[in-house]
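What follows is the residue order along each chain.
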Amino acid sequence: MTSQVLNGRIRAAISTTFALVLISAIVIGAWAFGDSGIRADFNARNLSPSWCHWFGTDQMGRDMFARTLHGLTLSLRVGILAAGFSVIIALVIVLLAGFGKIADAISCFIMDGVLSMPHLVLLVLICFALGGGTQAVIIAVAISHWPRFARVLRAELMQIRSEPWIEASRSFGRSRAFILINHIVPHLLPQMFVGFLLMFPHAILHEASLTFLGFGLEPSRPAIGIMLSEAMRHISAGRWWLALFPGIALLIMVLSFDVLANGLRRLINPREAQT
């Protein structure tokens, strides 16, 4: 292992550890605050940031720091489910492509069909059709996020399928299903894990966008999109902290997952560690 690869792996390990610590701190912080940030306190309405309330309070006296942590944790739960279902859908479509030219043409047609639809419009339509709420957001994000990742998996599948050891397995009379499940899927697992982490930020951002537009989570939930939507009515009154801190916190969490995914990709693939 060259020094360049070693240094790249060390940097990747440090950045991955930092991202994991930050994400864990968000979850632990939300748990530690309990119902703070959810419970109203009208004696502390519209307070600017201070040592007692780091992010200030909103129009109902709720602590915005605790409320932001609760919102980020909710986004994490939605992102995990949505990104996980997206990976499963992508894997199913890609495995379909491994059953021959006709099946591959069908899977490509499905991928191109979903990609041809305007992304945000598709999200809104699915959420509206399902009546909104947490489940609708998860389903909408999962259905709309898998095609680009499926193309990456399909390219990897096509490359693996031409390997000599796959040809040897065919010569022993192994079926296509056996080869896909026992030979190809294990090689796709690292890409699936990294793809899951890379789709996670997109899932979180689209959940916040749908909620901000009023098609996502219920207004009673402490979601980042709801906070930003409510803040729009109060910024003109000088309450800038209602939008600034939740927006920055969402950006930090999204970047943390991006750093985590890139770090793991460099640790898994030695070629990536050289960059």
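Structure shown above.
Rules used throughout
- Residues numbered from 1 in each chain as written.
- Predicted model: local features only at pLDDT ≥ 70, side-chain atom pairs only at ≥ 80, totals over all residues.
- Heavy atoms only, no water.
- Helix = DSSP H or I, 4+ residues; strand = E, 2+ residues; numbered from the N terminus.
- Buried < 20%, exposed > 50% of the residue type's maximum accessible area, 1.4 Å probe, protein only.
- Contact = heavy atoms within 4.5 Å.
- Areas by Shrake-Rupley, 256 points an atom, 1.4 Å probe, with all protein chains shown as cover.
- Lys, Arg positive; Asp, Glu negative; His and termini not counted.
- Charge placed at Lys NZ, Arg CZ, Asp CG, Glu CD.
- Salt bridge = Lys/Arg side-chain N within 4 Å of Asp/Glu carboxyl O.
- Patch = residues over 30% accessible without salt bridge, like charges linked within 9 Å, V, L, I, M, F, W, Y side chains within 5 Å.
- Core = buried A, V, L, I, M, F, W, Y, C linked by side-chain atoms within 4.5 Å.
- Phe/Tyr/Trp six-rings, centres within 6.5 Å; stacked < 30°, edge-to-face > 60°.
- Axes fitted to C-alpha atoms, helices over the stretch in contact; angles between N-to-C directions.
- Parallel < 35°, antiparallel > 145°, perpendicular 65-115°, else oblique.
- Nonpolar A, V, L, I, M, F, W, Y, C, P; charged D, E, K, R; others polar.

## Notes on the overall build of the protein chain
Across its full length, the protein chain holds ten helices and zero strands. Traced from its N-terminal end to its C-terminal end, the protein chain shows the element sequence α-α-α-α-α-α-α-α-α-α. Each principal axis of the C-alpha atoms in the protein chain carries an extent, and together these give about 75 × 50 × 30 Å. Buried residues in the protein chain amount to 45% of all 275 residues. The contacts of the protein chain with a sequence gap of at least 6 include a subset with a gap of at least 24, amounting to 71%. Summing over all exposed atoms, the protein chain offers an accessible surface of approximately 14,300 Å²; the carbon and sulfur share of this is 68%. Computing the positive centroid from 21 side-chain charges and the negative centroid from 14, the protein chain places the two 5 Å apart.

## A few points about the environment of Pro-49
Following the sequence through the fold, Pro-49 ends up in the loop between α1 (3–33) and α2 (64–97). We classify Pro-49 as partly exposed; its relative accessible area is 28%. Between the C-alpha atom of Pro-49 and that of Leu-217, which follows or precedes it by 168 residues, the distance is 27 Å. Pro-49 has contacts with Trp-54, Phe-55, Gly-56, Trp-240, Trp-241 and Phe-245, leaving out every residue within four places of it along the chain.

## What about the pattern of salt bridges?
All chains considered together, the criterion is met by four salt bridges. Arg-154 is the salt-bridge partner of Asp-104, the closest N and O atoms lying 2.8 Å from each other. Of this pair, Asp-104 sits in helix α3 (residues 101–115) while Arg-154 sits in helix α5 (residues 134–161), and the two are 50 residues apart along the sequence. Classification of Asp-104 by relative accessible area gives buried; the value is 13%. Judged by its relative accessible area of 24%, Arg-154 falls in the partly exposed class. Taken together, the salt bridges that share partners define one network made up of Asp-58, Arg-62 and Glu-230.

## Brief notes about the environment of Ile-248
Summarising the element assignment, Ile-248 is placed in helix α9 (residues 241–268). Sequence spacing of Ile-248 and Ile-80 is 168 residues, and the spatial spacing of their C-alpha atoms is 21 Å.

## Observations regarding a nonpolar patch on the surface
Taken together, the side chains of Leu-96, Ile-102, Ile-106, Phe-109 and Ile-110 present a nonpolar region at the surface, about 500 Å² in accessible area. The biggest single contributor to the nonpolar patch is α3, with four residues. Secondary-structure assignment places Phe-109 in helix α3.

## Some remarks on the nonpolar core
Judged by nonpolar contacts, the single largest core of 71 residues is most densely connected at Ile-184 and Phe-257. At the level of elements, α1, α2, α3, α4 (119–129), α5, α7 (176–213), α8 (224–231) and α9 are the ones that each hand at least two residues to this core. Top contributing element to this core by residue count: α2, with 15 residues.

## Focus on the packing of aromatic side chains
If you walk through the whole model with that rule in mind, you get seven aromatic pairs. Residues Trp-54 and Phe-65 carry aromatic rings whose centres are separated by 5.1 Å and whose planes lie at 55° to one another, so their mutual orientation is tilted. Of this pair, Trp-54 sits in the loop between α1 and α2 while Phe-65 sits in helix α2; the two residues are eleven residues apart in sequence, bridging distant segments of the chain. Ring pairs connect the aromatic residues Trp-54, Phe-55, Phe-65, Trp-240, Trp-241 and Phe-245, which therefore count as one cluster.

## With respect to the packing of α2 against α8
Contact geometry of α2 with α8 gives a least axis separation of 8 Å together with a crossing angle of 135°. Between α2 and α8, the interaxial angle falls into the category oblique. Here α2 contributes Met-64, Arg-67, Thr-68, Gly-71, Leu-72 and Ser-75 to the contact with α8, which in turn contributes Ile-224, Met-227 and Glu-230. For the contact of α2 with α8, the residue count by class is four nonpolar, three polar and two charged.

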